[in-house]
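Examining the three-dimensional arrangement
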Amino acid sequence: MSETVVDLHQCQDLALDGLHRSLGARMGPFSGYTMPLHYEQGILAEHLHCRRSAALFDVSHMGQAVLSGRNIAETLETVCPGSLKELKPGRQRYTLVLNDRGGILDDIMVANMGAGSDGQHRWLCVTNAGNKQVIFPVLKSLAGPDISITFPDRILLALQGPRAGRVLSHFAPAAASMVFMDAGPLTLDGIPCFVTRSGYTGEDGFEISAPTSHAERLMRHLLEHPDVNIAGLGARDTLRLEAGLPLHGADITPETTPVEADLTFAIGKRRRSNAGFPGADIILSQIQDRPPRLRVGILPEGRAPARAGTVIQAPDGTPVGTITSGSFSPTLERPIAMGYVDTAFSKPGTNLNLLIRGRTVQAHAVKLPFVAHRYHRG
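Here the structure is a predicted model, which means the values were calculated and not measured.

Quick notes on the rules
- Residues numbered from 1 in each chain as written.
- Predicted model: local features only at pLDDT ≥ 70, side-chain atom pairs only at ≥ 80, totals over all residues.
- Heavy atoms only, no water.
- 1 Å grid on protein atoms, 1.4 Å probe; cavity = no way out; pocket = protein on both sides within 12 Å on 5 of 7 lines; lining within 4 Å.
- Points joined across faces, edges and corners; volume = space filled by probe spheres on them.
- Helix = DSSP H or I, 4+ residues; strand = E, 2+ residues; numbered from the N terminus.
- Nonpolar A, V, L, I, M, F, W, Y, C, P; charged D, E, K, R; others polar.
- Buried < 20%, exposed > 50% of the residue type's maximum accessible area, 1.4 Å probe, protein only.
- Pairing = 2+ DSSP bridges.
- Axes fitted to C-alpha atoms, helices over the stretch in contact; angles between N-to-C directions.
- Contact = heavy atoms within 4.5 Å.

This paragraph deals with the layout of surface pockets. What the second largest pocket holds in volume is close to 260 Å³. In terms of lining, the second largest pocket is formed by 17 residues, of which the most central are Tyr33, Ser60, Met62, Lys132 and Arg154. Secondary structure elements with two or more residues in the lining of the second largest pocket: β1 (12-13), β5 (63-69), α4 (132-141) and β10 (154-160). Partitioned by chemical class, the residues of the lining of the second largest pocket number eight nonpolar, five polar and four charged.

Our focus in this paragraph is the pairing of strand β7 (residues 104-115). The side chains of a regular strand alternate between the sheet's two faces. Taken across its twelve residues, β7 has ten buried, putting it largely inside the fold. Relative to β7, strand β6 (residues 91-98) runs antiparallel, the two sharing eight bridges. Across the sheet, Leu96 pairs through a bridge with Asp107, a residue of β7. Bridging between β7 and strand β8 (residues 121-127) involves six bridges; their strand directions are antiparallel. When the bridges of β8 are listed, Met109 appears paired with Val126. Here β7 folds back onto β8 in antiparallel fashion, the turn holding five residues, of which Gly119 has a positive phi close to 85°.

Looking now at the sheet that holds strand β11 (residues 183-188). Strands belonging to one sheet form pairs held by backbone hydrogen bonds; the direction of such a pair is parallel or antiparallel. Overall, mixed pairing links the six strands, which are arranged β11-β12-β13-β10-β4-β14 in an open sheet. Lying at the two open borders of the sheet, with one neighbouring strand each, are β11 and β14 (228-230). Looking at each pair of strands side by side, their axes are set apart by 30° on average, direction ignored. For strand β4 (residues 54-58) and β14, the ladder comprises three bridges, and the chain directions are parallel. Pairing of Ala55 across the sheet is with Asn229, part of β14. Docked against the sheet, helix α5 (residues 164-171) engages β4, β10, β11, β12 (191-196), β13 (205-211) and β14, running at close to 35° with respect to β13. Where helix α6 (residues 215-223) meets the sheet, its contacts fall on β4, β10, β11, β12, β13 and β14, and the angle it forms with β14 comes to roughly 130°.

Set out below in structure tokens:
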């Protein structure tokens, strides 16, 4: 999470702000919003409950945009490197919006919603909150005679954990048949929702887009299930770090290419042959010849976490990189981190030093994730 000090009066409240406060949330700033950081049980308990059962996060700060019309996949491919033309209705994909240097403006989720009753095809794009001012104009620029764009008044909830499937199936039996990255309409407590089987914790789970007018009713309804506990942004951050998932603005930025970020999987096979996306020459060259640096997992020795900005050194003291995310892992009960190192030092097992609070701490590079993903693939 960002550690920048922000005046809360300058932040926008979530639609469910009052409910969060009534549930005992400690609120704090994040990406221009006043967010629930954690509740009375604390980050550790919320994190472990997500790993063992099901946790409910309010992620309504994320941006939601719907593209309607024809040739949407082809149009999105002009700004994203993913093979989106192959994405079938009822499926979702992780992709990236790039600048002309191959830098990552944002990592987004796109879902092919299929054709509506009016025959128009629709795609849902979910962006990071801090990047809405950048990505929404990019999406607007794609609009024209064949494509329109709307920004629906909807909230977004993330139900995450090994019991998430059982929980949502209790409310909507059709959820049981969904597998990882499936997307489609579900009715929850009479509320029409658009649901994807996805999330950003490394666990099985669902992201639920629903009309803001029904937000409180839906959240209270889900919290009634005995397996579900509320969780805040702090636990979401430690969960995604354990899962080796990058946070835009910290681990990936407009100065970071997908190859450097270890996100080459997001560049479709067809796109590597045909290019046609921003920064293709730079990115394809890095795929072939390796980039100058790589994002890696790092395990420090001892108990002191290595926070963002920590200098990474070679064993001889030469600076070779920087930590971008670091924390104490509740699951592993030890500090973990990830960051960028010169490619020559990226091999798992490579010995490194970290400068933590003025002292040198030994560490080594590891392959991500720290905690294995448990997505439901059927």
